[in-house]
Each structure stands twice: as C-alpha cells, then as structure tokens.
Number of protein chains: 4
Amino acid sequence: MNATEKWLEEWLEEWLEQEHKAGKMTEKQRRILMAATEIFAEKGYAAASTSEIAQKAGVAEGTIFRHYKTKKDLLLSIIAPAMAKLFGPLFLRDFAKMLDQPYETYEEFLKALFYNRYEYARDNLSIVKIIIQEVPFHPELREKVKAVAEDMIISRFRRIIDNYKEKGMLDSNLPTPAIIRFMISNMVGLVASMLVIMPEKDWDVEKELETTIQMMMRGLAGKG
Amino acid sequence: MNATEKWLEEWLEEWLEQEHKAGKMTEKQRRILMAATEIFAEKGYAAASTSEIAQKAGVAEGTIFRHYKTKKDLLLSIIAPAMAKLFGPLFLRDFAKMLDQPYETYEEFLKALFYNRYEYARDNLSIVKIIIQEVPFHPELREKVKAVAEDMIISRFRRIIDNYKEKGMLDSNLPTPAIIRFMISNMVGLVASMLVIMPEKDWDVEKELETTIQMMMRGLAGKG
Amino acid sequence: MNATEKWLEEWLEEWLEQEHKAGKMTEKQRRILMAATEIFAEKGYAAASTSEIAQKAGVAEGTIFRHYKTKKDLLLSIIAPAMAKLFGPLFLRDFAKMLDQPYETYEEFLKALFYNRYEYARDNLSIVKIIIQEVPFHPELREKVKAVAEDMIISRFRRIIDNYKEKGMLDSNLPTPAIIRFMISNMVGLVASMLVIMPEKDWDVEKELETTIQMMMRGLAGKG
Amino acid sequence: MNATEKWLEEWLEEWLEQEHKAGKMTEKQRRILMAATEIFAEKGYAAASTSEIAQKAGVAEGTIFRHYKTKKDLLLSIIAPAMAKLFGPLFLRDFAKMLDQPYETYEEFLKALFYNRYEYARDNLSIVKIIIQEVPFHPELREKVKAVAEDMIISRFRRIIDNYKEKGMLDSNLPTPAIIRFMISNMVGLVASMLVIMPEKDWDVEKELETTIQMMMRGLAGKG
DNA sequence: AATGAATGAGGCTTCATTCAT
DNA sequence: AATGAATGAAGCCTCATTCAT
C-alpha cells in the first residue's frame, strides 16, 4: 500500500468515523458544522471568523473549540469526509460494480458517471466549493489531493478506458490521459455551468447531459 | 452603450492608465505590485498580509498605502487591468480580425484562440490565479465578470459559431450555447492541466492542443 | 414629542441602562470606564490612545473592544449618561418640585440651583470636562446638545423667570434671554473658577456663592 | 522681572517677530498658517493632520516642515502671537491710557473693555477657539496662561477696581476677586453667546452689551 | 458540556517627519 | 525654497484561542 492509498484510507476512516459520530453528534455540533460549511463556502476560510460561525450556529464562541481544536481542524472536519465521498466511490464496491457491470457503451458509462457526480455536487454544493477554493491554499491538502488524483484516478480510469478501447468503442489512437482530461474537463465544465455559473437558469439536466456526451463522442464537426 | 460595455470600458481605461503609469511607476511601486501579485496568488487575498507584501517588495509597510489607499485597492489594481487584457481583446481590432480574417476551418480558429489564451495565461499565471480565486468572493467583481461573460462573450461567440455552422463546418443540430461551453470547458481544462495541475510535467503544447482539438472536432468514438 | 425630547429620552434611557448595567458590570468594565474617563479628560479624546486606557485600566487592549465596539463608542458610553444626568434633572420630578415648591425668592432659587449643579460638577469633574471639550468636535453631539439647550432650557427657565418677574422679584424691563445668559454665565464662571481654574485654592463655597448671588441681584454699583 | 513677565515678553517678542516676518512671509507660509488655523479650530490639534493642512494650504506635505520644525511648532506659531495680542494690550501704552484716561464711570470702562475684546474675538475667532481648546491639553501653555492670568490680570485689574471703589462707583463691600470674576464671567458669557453658541442669531451687539452692563451694575432685583 | 469574558498577537491604516531631487 | 516619495512607529481594531465558572 502506497502513500496515496494511505491517505485515502485516512479519509475513509474519517468519513466513517464522521458517519459514526453523526449519530452521537450533539445538535450543537451539527449546527456548528453546517454554519461553518456555509460561511466557508461564502467568504472563504481565511475571511471567515469563528465568532461569525458561532453566531450563525447559535452557540457560544468557546463551544466551537470544545469540538474542534483549531479553526483549521474545523475546516478539515468538513473537507476530509467530503474528500472521501468525492474520491472514495471510485474504490469501493459501488464503483467496482460500475466498472464490472458492463455498461454496454462508453456513453452509458459516461452518463452514469456524470449523473452520479452531478447529484453529489448538487447536494453538497457548499462543500464542493470549499474544496475547490481551499485545496490550492493548504499545502497538505494540495499534496494529498494531487497525489490521489494523479495516482489513483489515472490508474483506475486507465483500466476503464483501455477496456472500452479494446472493445472498439473508443478511438485507440487517442492517448488515454488526453481522454481522461477531456472527460473531466467536460464533466466539470457542465456541472459548474449548471450549479455555479448560471444556477438561476432553468436547466434541463438530462438534455444538457446528452448533448454534452454527444459532442464528446461524435465531435462538433458538421457533416458538410 | 449598456452597463456591461461601460465596465469593459472602465477596465480598458484602467488598463491603459496602468500602461501609461507603468512608465512613471516608481521602482518601488513596481516591486509592490509584483510582490502583491505573487503573494495573493500563493495564499489568497484574505490570507495575505500587507506586512508580508511589504517585506517581499523590500519597502516599508507604509509605502504600500501611499500608492494604494487600501489593501483592496491593491487587489483591484492588479485585477482590473488584467480583466481588460483577458476580456478586452475579444472586442478590439485584433480580435475583429480574427473574426473577419477567414480562418479556413473552425479547427484553425480554435487553435489560434487556444494558443493565444494559453500564452496569456502562461505569461500571467499568478494574475489569472488571483482572478479565478478572488472573483467569487468579491460581489462587485463577481457581478461585473458575470455580466461581461454572459452578455458579451456569448453574443460574440454566437456570431462566430453560427458563421461556421452556415459553412457546414459545425454540426447545426448542436445548440450554440452548448458548443460554447464545450469549447471553454476544454480550453480551460487543457490550460489548467498544463499550467496549474501538472506544471512540472514536460508538456508538448502543440501536440496536446492538436489532440484536444481533434477530440473536440471528431469526438472519441472508435471506428469500430 | 419633538426631536429634542426624543434625544433626551434616548439619553435617559442610556442612563438608566447604564445604571442597570452598573450592577452586572464586570470589575474590568468599570475599570475601563474609569480609566477612559480620566484619560479623555486629561488629554482629550483624539490624543488618548486605547492602549494607554487599557494599560491604566489594567486590562488587555482587546478587552476594551469586547465591551465597546469602537473608541468612539467608549466616549459615548461616558458622555450619554452624563448628558442625561446633566440635563435630565431639569425635566424630572425633582426639578418640577423646584419649580412648584415656591422658593420664597429668586435668590433662594438661584442658590439651590447653583449649589445643585456645583455639586454635580464637583463629583463628576472629569466627565464635565470631557463634555465641554468634546462636544464642539463631534457634530452629532453638538447638534443634540445645542437643540436640547436652546430648545428646552430656554423654555423651562423662561417660565421660572417670568414667574419671578410677575411676583416683582425680578426687574421686568430686563429681557428674559439676557437674564438666562446672565445666570448661566455666572454659574459657569463661578463653578469653573472653583473647580478648574484654581482648584488648589481653599474656597469657601458657601461664601462665594452668596457673594456671586448678591452681585447678580443687586449689582456692583456703590451707594455713592 | 518675574517668570510671568518673562513669558509675556516672550510672547510679545514672538508677536513682534511675527509682525515683522509677516512682511517677508512667503505666500505659501501665510497659506499654511491660515489653513492650520482653520483646521485646528475645526477639529482640534490632535485630530488635525499635517497632510490635510498641506492640502488645504495648497502646498506639498514637506513644505510645512521647512517652515515649522514640528506640528507642535506650527501650533505654537499660531498661539503665541495670539496670546500676546490677547493679554498684551493689558500692559502696553494703549491699555495704560485706558487706565489713566479717566473713564467717568466704571460702566464706561466696562463698555470699552467689552467692546474691545469682543472685536478681537470676532476678528480672530478661529484662533480664540484654538486657544480655549488647546491650552488645557498642553502643560507648558497651561502653566504660562495660568501664571499670566492669575498673577498679572488680578494685579492690574485690582488697581482699576480699587480705583473705582475709592470713587464710590463700586460697592466697597464686594471682594475685588469676586468682582473680577464677575466681570470676566459675563464678558466671556456674552461674547461666547454671540460668536460661538448662537452665531447665526442676528445680534444687536450694542444693545446686548448695554443690557449686560446694566445687569452687572444694578443687578436683577425688581423694584417691588 | 457549555459559556463568554479575557487575552495578546497581528492586521490594516494613518501620520509626523525626513531626505534626495 | 519646494517637492513628494518613503519611512516606521503607533493607532484602532479583529480574531483565534484559553479558561474560570
């Protein structure tokens, strides 16, 4: 087991721990976590003040520090389990199923993946924003994320993609890393458009998704 | 002239003013601007301290405030002209040429556009990072950027894209907004990969660009 | 109820609130208020530094700002209730009694009034100094004080003075405003002499007061 | 010659020096002095900034310090000659004349004195405000003023007043210091009313003065 | 467990003053 | 003589964190 896998395990642990604690979590603790999530997402970690979080959570300033040793601890308590939920599925049974369960086509696979991640982002918008905004500023996080992403995602997706290449569903001449980037770019671009950039627009998710996948699969070129 | 165009003009003005001032700018002022740019990019606006900036610039802390009334002023002095350089070209003669000068194919157009913006991002990496990180947190900026982007970019690109659709070079069945998003997603994804996510990798820019454009134009589908 | 009366009520409210809080006031808070009062009186608001106040009060500088949002807030927390105590009595039951309870002569009335305000000034010397020194520099205060003074004091005293004029105890040929100014000038002059200008002198308050009132009532003219 | 007289001489010297310099004073210097006077009067010495003064005077920040070593120096350059003009006349030929030139009555003397000082205050309102506001906060000034006032004024006025007492124009039973205070209180009260407290009122100076002097001489008592 | 008063380090900003031009 | 960029000390205020209750 390499370092990357160790971190993932850490996150998963924290995730499970969090899940576990969620049961015994005080009402106050839950409120602190929610308030912090909202405020971090809204103004960024550095510009958020613990006193504001306390106020929004309806607890005393000191209470936060009874549960989280430092402000950074509070941030990590939000990010770590979210990381696990974000990356974790790629390594768990559910996802393994996605891999084994032979989606007839790459398109179906893409659609399932997009939709799955879209739903996660939609339901955890604040947390996703925090991750995107804060990861670049906290070296420990940055390193972990980078390692996990580079190391694991590439390797897992490579298998999937090579699988479809073999089946003749993907153009074998295209370099796998480029395909992965292509996939992620469009996934992120689509989800960001719908949830962050123009959230007020009345999106037909299904249709957008299909159009996007069509462009990905068949390209823009006219038949002219 | 609508509000959006007014902002653009504002930025352009500030840009020119900045250009103009650049001549008379004190050595110290230049150093302050550079130091601030680096530190804002590295730790974010909120977490950057003016004393650190002063130290890095090799000036007294007070000197910063002789040139920039507020810390925020300093941020805007970095962002505003960059905005102009980022969005401005889309509306100036150079870009008009890009539109008129009939790129034979959409692919050539894409390539020119990608390369042009890639070079800008490469040469102004810190500033681009600052813009991406700070715009979401500063409502005035956010509103302006959103308006400019939604309003202008869409309208300009629509003309270009419709143009190519008419020529039969783009699939007329695809909705123009989706094409624009597709284009931007892949452009941002590619540039971010090369400059931010894996800057240490030894990229063959030309080749990546071509692969990406190929995927965009012809899609991933195998010939199977 | 006009604006002036509203301010007075505001002050009275703050006064009562202060009284009320005085019970729950932390020892530290009391010390901050005392230290601030002394230092403001000694060097003036603008020249007083919060760090000096903190030091004199024996608390951390931050502690001041936990109780008073701003330095100005601290000033107002000293001035507002004092204003109420300074002007308020003129409108309350006690003072109403002074009006109704028929002092046999204007001289007795003057004596009671002088003595009453002298005692207040003596016991609140620092605060009175602050009021005199700071009111001119803070427009909000200046306006309020001016309105209250012009509007209310004049009107109340007019009744009293006209009352004594009718009884033949005051020269009806003298304009009431001049009488009021005459009264206040001499009251302020006497009190200032004893408490501010020559506080080290061993004053026989009773005697000075009587001499002053004698001069006011019968004038300086010799019998020659 | 005692210490008090030495200070007076100092001021007079500075006054004369100033008069003298006034001729060679640069336009800029004059503008600095005027700007400083206005701003000190308006916001107080401590709250006034040299840069604001420079701006109002239309000179560079550094220029002030070419003429006045420190900000305090600038204050003293305004106050010292004004002190001389304020107290000086009491000791000069002009004033000696006032003493010798036998005003028929004390009332005439009072009227001349009041009017003379009223005119001075009216024409130098800002400076008088500065003196009143700043003297209490600057120990050197405070000591000087106090010494001069206590020491000299008392002694000079004593002669005048005793003079009138002997002539039977003033009640010999009244203590001279009380008479002096009475005189000053009413003079200050009247002038302050007209110039500072209610400057917008349309005063009939002559009449107010006469009413005041009448009250001082014959008192308020009705003939009843 | 919870509170909230207290802390003091550090942040942004102002300002009197200096000095090279 | 005049300028105005530069300085750095000091000012006001915020904030994460601690601790007695």
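Peer 1: Before we move on, can you summarise the overall build of chain A with the specific residues and values?
Peer 2: Helices and strands together make up the secondary structure of chain A, namely 11 helices and zero strands. Counted from the first residue to the last, chain A has its helices and strands arranged as α-α-α-α-α-α-α-α-α-α-α. Considering chain A as a whole, with its 224 residues, one finds that 46% of them fall into the buried category. Pairs at least 24 apart in sequence give 71% of the contacts found in chain A among residues at least 6 apart. Carbon and sulfur atoms make up 53% of the accessible area of chain A, which totals about 11,300 Å².

Peer 1: Go over the protein's contact with DNA strand E with me, naming the residues and quoting the values.
Peer 2: Of all residues adjacent to DNA strand E, which total 34 residues, the nearest are Thr-63 of chain A, Thr-50 and Thr-70 of chain B, Thr-63 of chain C together with Thr-50 of chain D. A share of 63% of the atoms of DNA strand E within 4 Å of the protein falls on sugar and phosphate groups. With respect to DNA strand E, the side chain of Thr-50 of chain D contributes an N or O atom lying 2.6 Å from a phosphate oxygen. At 2.6 Å from a phosphate oxygen of DNA strand E is found a main-chain nitrogen or oxygen belonging to Lys-71 of chain D.

Peer 1: Explain the interface of chain B and chain A residue by residue, including any values.
Peer 2: In this assembly, 46 residues from chain B lie in contact with 46 residues from chain A. Overall, the association of chain B and chain A removes approximately 3,600 Å² of surface from exposure, summing both partners, and the carbon and sulfur fraction of that is 60%. In terms of surface lost to chain A, no three residues of chain B exceed Phe-137, Arg-181 and Leu-220 of chain B, which account for 21% of the buried area on that side. Lys-146 of chain A is the partner of Glu-200 of chain B in a salt bridge, and the nearest nitrogen-oxygen pair spans 3.7 Å. Counting across the chain B and chain A interface gives 11 residue pairs in polar contact (both at pLDDT 80 or more). Within the residue set of the side of chain B that touches chain A, elements represented by two or more residues are helix 2 (27–43), helix 9 (139–166), helix 10 (176–197) and helix 11 (205–218) of chain B. No other element matches helix 10 of chain B, which puts 10 residues into the side of chain B that touches chain A.

Peer 1: Before we move on, can you summarise the protein's contact with DNA strand F with the specific residues and values?
Peer 2: The local shell around DNA strand F holds 33 residues, among which Thr-50 and Lys-71 of chain A, Thr-63 of chain B, Thr-70 of chain C together with Thr-63 of chain D are the closest. By atom count, sugar and phosphate contribute 62% of the portion of DNA strand F lying within 4 Å of the protein. One nitrogen or oxygen atom from the side chain of Thr-50 of chain A is found 2.6 Å from a phosphate oxygen belonging to DNA strand F. The side chain of His-67 of chain D places a nitrogen or oxygen atom 2.9 Å from a phosphate oxygen of DNA strand F. Looking at the surface near DNA strand F, the elements with two or more residues in it are helix 3 (50–57) and helix 4 (61–67) of chain A, helix 4 (61–67) of chain B, helix 4 (61–67) of chain C together with helix 4 (61–67) of chain D. Looking at the surface near DNA strand F residue by residue, the classes come out as eight nonpolar, 17 polar and eight charged.

Peer 1: Provide a residue-level description of the packing of aromatic side chains, including the pertinent values.
Peer 2: All names here are of chain B. Taken as a whole and judged by the stated rule, the model has 22 aromatic pairs over all chains. On the numbers, 5.9 Å between centres and 50 degrees between planes, the contact of Tyr-115 with Tyr-118 is tilted. You can see Tyr-115 and its partner Tyr-118 sitting in helix 7 (residues 106–123), three residues apart, about one turn around the helix. By relative accessible area, which is 29% here, Tyr-115 ends up partly exposed. Judged by its relative accessible area of 8%, Tyr-118 is buried.

Peer 1: Please set out the relation of the copies chain B and chain A residue by residue, giving values where relevant.
Peer 2: Between the two copies of the chain lies a rotation about an axis combined with a shift along it. Screw-axis analysis of chain B against chain A gives a translation of 0.1 Å along the axis, an RMSD of 0.2 Å, and a rotation angle of 180 degrees. Both copies of the chain, as the preceding transformation shows, are related through a two-fold rotation axis. Every residue of chain B has its C-alpha some distance from the rotation axis, and the shortest such distance is that of Gly-219 of chain B, at 2.0 Å. Both copies share a contact surface, since 100% of the interface residues of chain B are interface residues in chain A too.

Peer 1: How would you summarise helix 10 (residues 176–197) of chain A if you had to cite specific residues and measurements?
Peer 2: Compared with an ideal rise of 1.5 Å per residue, which puts 22 residues at 32 Å, helix 10 of chain A spans 29 Å between its outermost C-alpha atoms and is within 8% of the ideal. By the criterion of burial, helix 10 of chain A is predominantly enclosed, with 16 of the 22 residues buried.

Peer 1: Would you mind going over the packing of helix 7 of chain B against helix 10 of chain B in detail, with residue names and values included?
Peer 2: Residue and element names in this part refer to chain B. Close contact between helix 7 and helix 10 brings their axes to 10 Å; oriented N to C, the two are set at 40 degrees. As far as their axial angle goes, helix 10 and helix 7 are oblique. With respect to the hand of their crossing, helix 7 and helix 10 are arranged in right-handed fashion. Only Ile-179, Met-183, Asn-186, Met-187, Leu-190, Val-191, Met-194 and Leu-195 of helix 10 make contact with helix 7, whose side of the interface consists of Tyr-106, Phe-109, Leu-110, Leu-113, Phe-114, Arg-117, Tyr-118, Ala-121 and Arg-122. For the contact of helix 7 with helix 10, the residue count by class is 14 nonpolar, one polar and two charged.

Peer 1: So what's going on with the side chain of Thr-176 of chain D? Residues and values would help.
Peer 2: Its place among the elements puts Thr-176 of chain D in helix 10 (residues 176–197). Once residues lying within four places of it in the same chain are set aside, the contact partners of Thr-176 of chain D are Arg-158, Ile-161, Asp-162 and Lys-165 of chain D.

Peer 1: Give a description of helix 11 of chain B that names residues and reports values.
Peer 2: Taking 1.5 Å per residue, 14 residues should reach 20 Å; helix 11 of chain B reaches 20 Å between its end C-alpha atoms and fits that length. For helix 11 of chain B, every residue scored as buried is listed here: Val-205, Glu-208, Leu-209, Thr-211, Thr-212, Ile-213, Met-215, Met-216 and Met-217 of chain B. Where helix 11 of chain B is buried, its residues contact helix 10 and helix 11 (205–218) of chain A together with helix 7 and helix 10 of chain B. A positive backbone phi angle near 80 degrees is found at Gly-219 of chain B, which sits one or two residues after helix 11 of chain B.

Peer 1: So, the side chain of Gln-29 of chain C: which residues are in play, and what are the values?
Peer 2: Residues and elements named next belong to chain C. Mapped onto the fold, Gln-29 is located in helix 2 (residues 27–43). Accessibility expressed as a relative area gives 12% for Gln-29, which makes it buried. Among all residues touching Gln-29, those that are not within four sequence positions of it are His-67 and Tyr-68.

Peer 1: Which residues make up the confidence of the model for chain A, and what values do they have?
Peer 2: Here chain A shows a mean pLDDT of 85. Residues at 70 or above account for 82%. When the elements of chain A are averaged for pLDDT, helix 6 (residues 93–100) of chain A gives the smallest value, 57, and helix 3 of chain A the largest, 96.

Peer 1: Account for the environment of Tyr-68 of chain D, naming residues and giving values.
Peer 2: Residue and element names in this part refer to chain D. Take Tyr-68: it is sitting in the loop between helix 4 and helix 5 (71–87). Sequence-wise, Tyr-68 and Gln-29 are 39 residues apart; in three dimensions their C-alpha atoms are separated by 9.6 Å. Among residues more than four places away in sequence, those in contact with Tyr-68 are Gln-29, Ile-32, Leu-33, Asp-73, Leu-74 and Ser-77.

Cut-offs used in this document
- Residues numbered from 1 in each chain as written.
- Chains lettered and ligands numbered in written order.
- Predicted model: local features only at pLDDT ≥ 70, side-chain atom pairs only at ≥ 80, totals over all residues.
- Heavy atoms only, no water.
- Helix = DSSP H or I, 4+ residues; strand = E, 2+ residues; numbered from the N terminus.
- Buried < 20%, exposed > 50% of the residue type's maximum accessible area, 1.4 Å probe, protein only.
- Contact = heavy atoms within 4.5 Å.
- Areas by Shrake-Rupley, 256 points an atom, 1.4 Å probe, with all protein chains shown as cover.
- Near = heavy atom within 4 Å.
- Polar contact = N/O pair within 3.5 Å; in protein donor to acceptor, adjacent residues only side chain to side chain.
- Buried area = accessible area lost by both parts, 1.4 Å probe.
- Salt bridge = Lys/Arg side-chain N within 4 Å of Asp/Glu carboxyl O.
- Nonpolar A, V, L, I, M, F, W, Y, C, P; charged D, E, K, R; others polar.
- Phe/Tyr/Trp six-rings, centres within 6.5 Å; stacked < 30°, edge-to-face > 60°.
- Least-squares fit on C-alpha atoms with pLDDT ≥ 70 in both.
- Expected span 1.5 Å × (residues − 1).
- Axes fitted to C-alpha atoms, helices over the stretch in contact; angles between N-to-C directions.
- Parallel < 35°, antiparallel > 145°, perpendicular 65-115°, else oblique.
- Left-handed = near helix turned anticlockwise from the far one by under 90°.
- pLDDT = per-residue confidence, 0-100.

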